[in-house]
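Chain and residue survey
One letter stands for each residue in the lines below.
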Amino acid sequence: MSAQPAPNPQEPFPSLGQRLHAALMPDYNRKAAVYWWTMVCLGGLALAYSIWRLLGMSLFELIQVGVGCGIAMLAGMFPVRIPGSKNSFAAGEIFILLLLLMFGPPAAVVAASGEVAIGAVRSSKRWTSRIISPACSALSMLLTGTVLHLGMAAVADRGAAGEAAVLLLAMLAAVAHFLINMLLITAVIHLKRDEPIRAAAFFGSFGWVGTTYASSALVAGLLYMAFKATGIGVMAGAVPLMIVLLVMLHYHFRQRESDDQSQKLRIEAAEREAEQSARHLAELRASEQRFHSAFSHAAIGMALVTAEGEVLQVNGALCKLLARPEPELVGRAFGGFVHPEDTGALAHQWRSVLARDGADTTVELRFQRPGGTLAHIALHGGHFSDDEGSSPCLILQLQDVSARREAEAKLHHIAYHDGLTSLANRIRFGACLAQAIQRCSDEPGYQFAVMYLDFDRFKLINDTLGHTAGDRFLTQVAQRISAQVRPADTVGRLGGDEFAVLLDNLGDESALLSMADRMQQTLARPYMLDGTEVTSSASIGITFSSVGYETPGDVLRDADIAMYRAKASGRGRTALFDASLRAQLALQVDLERDLRRALDVGQLSLAFQPIYNLDNGRVDSFEALLRWRHPERGMVPPATFIPIAEDSALIARLTDWVLSNACAQLHRFEQVHGPGPRPRLHVNVSGTDMCRLSFVSQVAAALLSNGLEPGQLTLEITESTLMQRLDSALEVMGRLRELGVGLSVDDFGTGYSSLSYLSTLPITSLKIDRSFVQRLQDEARDAEVVKAVITLGHALGKTVIAEGIETPAQLSHLRALGCSLGQGYLLARPLTPDGAATALATERRWPAPDATPSEYGRFMPTGYGEPAHTLH
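To keep things clear, this report deals only with the structure shown in the data block. (Residues numbered from 1 in each chain as written. Predicted model: local features only at pLDDT ≥ 70, side-chain atom pairs only at ≥ 80, totals over all residues. Heavy atoms only, no water.)

A few points about helix α16 (residues 458–465)
Because each turn of an α-helix spans 3.6 residues, side chains separated by three or four positions in sequence point in the same direction. Put simply, the test is: When accessible area is computed with a 1.4 Å probe and restricted to protein chains, residues below 20% of their type maximum are described as buried, those above 50% as exposed, and intermediate ones as partly exposed. In DSSP terms, a helix is any run of H or I states spanning at least four residues, a strand is any run of E spanning at least two, and both are numbered starting from the N terminus. In this description, one arc is meant: the one made by directions from the helix axis to the C-beta atoms. By definition, residues are in contact when any of their heavy atoms lie within 4.5 Å.
Taken residue by residue, α16 has F458, I461 and N462 as its buried positions. The buried residues of α16 all sit within an arc of 95° when viewed along its axis, so they share a single face. For α16, the exposed residues lying more than 90 degrees away from the buried face are K459, D463 and T464. Close packing links the buried residues of α16 with β8 (449–455), α17 (467–484), β11 (527–529) and β12 (532–534). Looking one or two residues past α16, G466 carries a phi angle of roughly 100°, positive in sign.

So this is what it looks like as structure tokens:
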């Protein structure tokens, strides 16, 4: 099958023909598709022509044709399966050929296409097969039927010879119809596979079915002769009779097939039973032979022992097993070779054998070998007597199971220990923790603690040095942790780079904290991995049994929570669990649920803080600020719920809501503002948004649906977030700039941007962090920083915006430094949409730097009473 041509990038929307082709025939190449449409069109024309011809018949003839077509289509729903063969035939061919002989090709075309359509719907789920099959059948029947009637006209009025010729022509026409129809159908498959049609394979696959077509034509011809001789009456009797015979034949073949299948199953069951019986018989014979030659050829140790325990006879395998010669064994008490701790088990087994009157017992014992070594041996004992024996004795079979015991010990170690570090795995650690919890409830003075460790740079080691180096790192970590704990403590690896320590019988919590500090220092020392020196640190969470636990899962959960608190505080930290952490986690779960509901029921809103042109006092743009008024908790700041949205994959929905509503409000601002410069909007986005390629289309859709220009929208991302995800965000930023959307670096000066990044990144503006602006009046050094940022931004062609302006002195200082844009409570608090529209039409006049407090108060605009938080 040839490959489909790649879509043209200049044609992003496929044509109707392409969509139809993809829906109907996705696996068709060009040749197969052209052939398919050609056959469907020709077949459709043949069917339309035939229906047009039938409309010229009398009503009585149309009824006969309709009845014949209905019978043929009904027969097509019940193909007759031949027992012992994979082939089947539809009895409707008889009625189709009868219609061909009686009423001509149009009637046969309609019947054939209908019968094939029924069969195609029954046997195939593909619309292409359901359409082309009746089309090819109609075309083939029209061709062969027309040729047949021409031949019938040529042999008409020739008596018996003519009738024989009609029968022969009908059979030839049926076979020809079958061959042509099959050729037309199989050509599609071969064109799709781009391979030629081989005659041998074609006739080999369909020769038997062609014979059934010829037979059907013979039956139809005989019925046609009877019809000509006696009229329509013979058809009224013959057709129902044929239907009954075909139904009986169908059910007879089904019954034959069922009987054959049942007979086959019975034969297979008998063969399996015979095979099993033969195998059992062979095993019994082999067992008997082994029993008779036990002492001479047995691979396991065997001994005959009296009821009192004296050894009468042993074989060579037993001498080798116990590492003793036969003279040291015969005549001595058998129990003298058993380990003293197991003599009780031997005596119990001995009494069981003697008391059960012939019943065998098995016991596993330890036997002493010369030199003090022990062997684990499975001992099987039973009664034994011979014709010459004066009294019964016991026969013992001994098999060395030391290797099995060692294997079981290894499997036990594997099941409960980590394969890389040999520490306790999660299952073993959980079992030890469960024992500690139980002991804590049984012994009031007993206490324990659990340390949960996670390494901060393990993924970097795997990504840079490979997983083999990562495994060696984990091995060294396990050794260092084990060296810092007491012998009674349990160290486990729970998975990946997560370790846990169960500190048993804890006496003083302060001693544990000292141990944690020593462990931090030990784990922070460099590691040598493949000649490379690597440093790492661990975040440690600790919880104590005094919290009150009932299950190991609760302990590990709280220790894990404490560990994440340590990780959030910075690398190489230790945190202790307290109930507030669990409450904080529950609060996050509740907020996540409520945030989903807030998006659905409309609890979110937007405030708009103006960004003023500091030169002329007019609003340059607005920053959209997200607000969530919780029905029970009141105002929830974005600094609380935005991280939750990012962790729970809600950030995409949240950003979409902000973009859609902010752009819609900006469109309303335009309508109120009237002619003049179009107002612009700043919207904060998260780092997750900047890493999604779909974010570009999301922004374009928001602009397009509100009739905004791309240049009216600026997207803000914090400097630290941008630099952390720079590699993933570059492509999205480039596409946004190609679209015409502005990009701004928020909180500039708090991250670690370099000049090379600033000069190459597709950003349009920088926002000086409010911490620098608020300290302008305190230290000259901060003023120099702000001045450097403004100078740098202008030199790189970026717009510089100062945020957090709260005093006239700050405003005056920024204007003197050449900062042209700014925002803050001094200029305007976050406003409602109506207040923002009013601010857009108002020109401000700035107060003097030495303004009095009353002038300062009059200068403050009205807006929200509470500060609004941005979406970072």
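Considerations on unusual backbone geometry
With phi around 65°, S422 is a residue other than glycine that occupies positive phi space. As for its position among the elements, S422 is in the loop between α14 (402–416) and α15 (426–442). The phi dihedral of D530 is positive, around 55°, even though this residue is not glycine. In this structure, D530 sits in the loop between β11 and β12.

Points about the nonpolar core
A general trend in soluble globular proteins is that nonpolar side chains are found buried together. What counts, and what does not: To qualify as a nonpolar core, a set must consist of buried Ala, Val, Leu, Ile, Met, Phe, Trp, Tyr and Cys residues joined through side-chain atoms within 4.5 Å.
Counting 78 residues, the largest nonpolar core has L654, M690 and L715 as its most contacted members. Residue contributions to this core peak at nine residues, all from helix α22 (residues 651–673). Core analysis: the second largest hydrophobic core is formed by 38 residues, V65, I71, F95 and A220 among them.

Topic: the side chain of E803
The residue E803 is located in the loop between β22 (799–802) and α30 (808–817) in this model. Here E803 is in contact with D746, D747, K767, I768, D769, R770, V773 and Q823, once residues within four sequence places are set aside.

Description of the sheet that holds strand β6 (residues 374–384)
Condition: When DSSP locates at least two bridges between a pair of strands, those strands are taken to pair. Fitted lines through C-alpha atoms give the axes, limited to the stretch in contact for helices. The angle between two N-to-C directions lies from 0 to 180 degrees.
In spatial order, the strands read β4-β3-β7-β6-β5; together these five strands make up an open sheet with antiparallel pairing. In this open sheet, the two strands that pair with only one neighbour each are β4 (311–314) and β5 (361–368). Sheet twist, expressed as the mean angle between neighbouring strand axes with direction ignored, is 30°. Both strand β3 (residues 301–305) and β4 contribute to a ladder of three bridges, which runs antiparallel. The residue bridging L304 from the neighbouring strand is Q313, located in β4.

Describing the packing of aromatic side chains
Spelled out, the test is: Only the six-membered ring of Trp is used, alongside the rings of Phe and Tyr, when aromatic pairs are assigned; centres must lie within 6.5 Å, and planes under 30 degrees apart are stacked while those over 60 apart are edge-to-face, with the rest tilted. Look at NZ for Lys and CZ for Arg. If either is within 6 Å of the ring centre and within 35 degrees of the ring normal, a charge sits over the ring.
Applying the stated rule across the entire model yields ten aromatic pairs. Judged by centre distance (4.9 Å) and plane angle (85°), the rings of W36 and W37 are edge-to-face. Among the residues examined, W36 registers a relative accessible area of 1% and is labelled buried. Considering the side-chain rings of F455 and F473, the 5.6 Å spacing of their centres and the 85° angle between planes classify their relative orientation as edge-to-face. Linking F455 in strand β8 with F473 in helix α17, this pair joins segments that are 18 residues apart in sequence. For F473, a relative accessible area of 0% translates into the label buried. Connected via pairs of aromatic rings, a cluster forms that spans F455, F458, F473, F499 and Y527. Above the ring of Y527, the side-chain terminus of R480 is found at 3.7 Å from the ring centroid. Directly above the ring of Y825 sits R829, whose terminal nitrogen or CZ lies 4.4 Å from the centroid.

Here's the deal with the pairing of strand β16 (residues 619–630)
Counting buried residues in β16 gives ten out of twelve residues, a clear majority hidden from the surface. Strand direction decides the pairing type here: strand β15 (residues 604–613) and β16, joined by nine bridges, are antiparallel. Each bridged residue has a counterpart across the sheet, and for L604 the counterpart in β16 is W628. With antiparallel pairing between neighbouring strands as the criterion, β15 and β16 make up a hairpin whose turn holds five residues, including G617 at a positive phi of roughly 75°. Both β16 and strand β18 (residues 680–684) contribute to a ladder of four bridges, which runs parallel. Each residue of the ladder has a partner; that of E623, found in β18, is H682.

Here we look at the packing of α22 against helix α24 (residues 694–705)
Selection rule: Roughly parallel refers to an angle under 35 degrees, roughly antiparallel to one over 145, roughly perpendicular to one between 65 and 115, and oblique to any angle outside these ranges. Handedness of a crossing follows from how the near helix is turned relative to the far one, being left-handed for an anticlockwise turn of less than a right angle and right-handed for a clockwise one. Residue polarity is assigned by list, with Asp, Glu, Lys and Arg as charged and Ala, Val, Leu, Ile, Met, Phe, Trp, Tyr, Cys and Pro as nonpolar; anything else, Gly included, falls into the polar class.
Relative to each other, α22 and α24 sit at 25°, their axes nearing to 9 Å. When the axis of α22 is compared with that of α24, the two are roughly parallel. For the crossing formed where α22 meets α24, the hand is right-handed. Side by side, α22 and α24 meet where A652, T655, D656, L659 and C663 of the first sit next to F695, Q698, V699, A702 and L703 of the second. The class makeup of the residues in the contact of α22 with α24 is seven nonpolar, two polar and one charged.

Side note on a nonpolar patch on the surface
How we decide: Exposure above 30% relative accessible area and the lack of any salt bridge qualify a residue for a patch; like charges then connect within 9 Å, and the nonpolar side chains Val, Leu, Ile, Met, Phe, Trp and Tyr within 5 Å. Only the protein chains shown count as cover for residues, and the accessible areas themselves come from Shrake-Rupley with a 1.4 Å probe. Counted as salt bridges are all cases of a side-chain nitrogen of Lys or Arg within 4 Å of a carboxyl oxygen of Asp or Glu.
Together, L59, I63 and V67 make up a nonpolar patch on the protein surface, roughly 310 Å² of accessible area in all. Note that V67 resides in helix α3 (residues 59–76). What makes V67 partly exposed here is its relative accessible area of 49%.

Looking at the sheet that holds strand β14 (residues 574–576)
Spatially, five strands are ordered β9-β10-β8-β13-β14 in an open sheet, and the strand pairing comes out mixed. For this open sheet the edge positions go to β9 (490–495) and β14, each flanked by a neighbour on one side alone. With direction set aside, neighbouring strand axes in the sheet form an average angle of 20°. Where β9 lies against strand β10 (residues 498–503), five bridges are found, and the strand directions are antiparallel. The residue of β10 that forms the bridge with R493 is F499. Packed onto the sheet, helix α18 (residues 509–524) meets β8, β10, β13 (538–544) and β14 and runs at close to 165° relative to β13.

A look at the packing of α15 against helix α19 (residues 552–569)
A pair of packed helices is characterised by two quantities: the angle between their axes and the separation of those axes. Look at α15 against α19: their axes get within 9 Å of each other, and the N-to-C directions meet at 105°. Comparing their axes, α19 and α15 come out roughly perpendicular. Facing R426, F429, G430, L433, A434 and I437 of α15, the residues of α19 in contact are P552, V555 and L556. Per-class residue counts for the contact of α15 with α19 are seven nonpolar, one polar and one charged.

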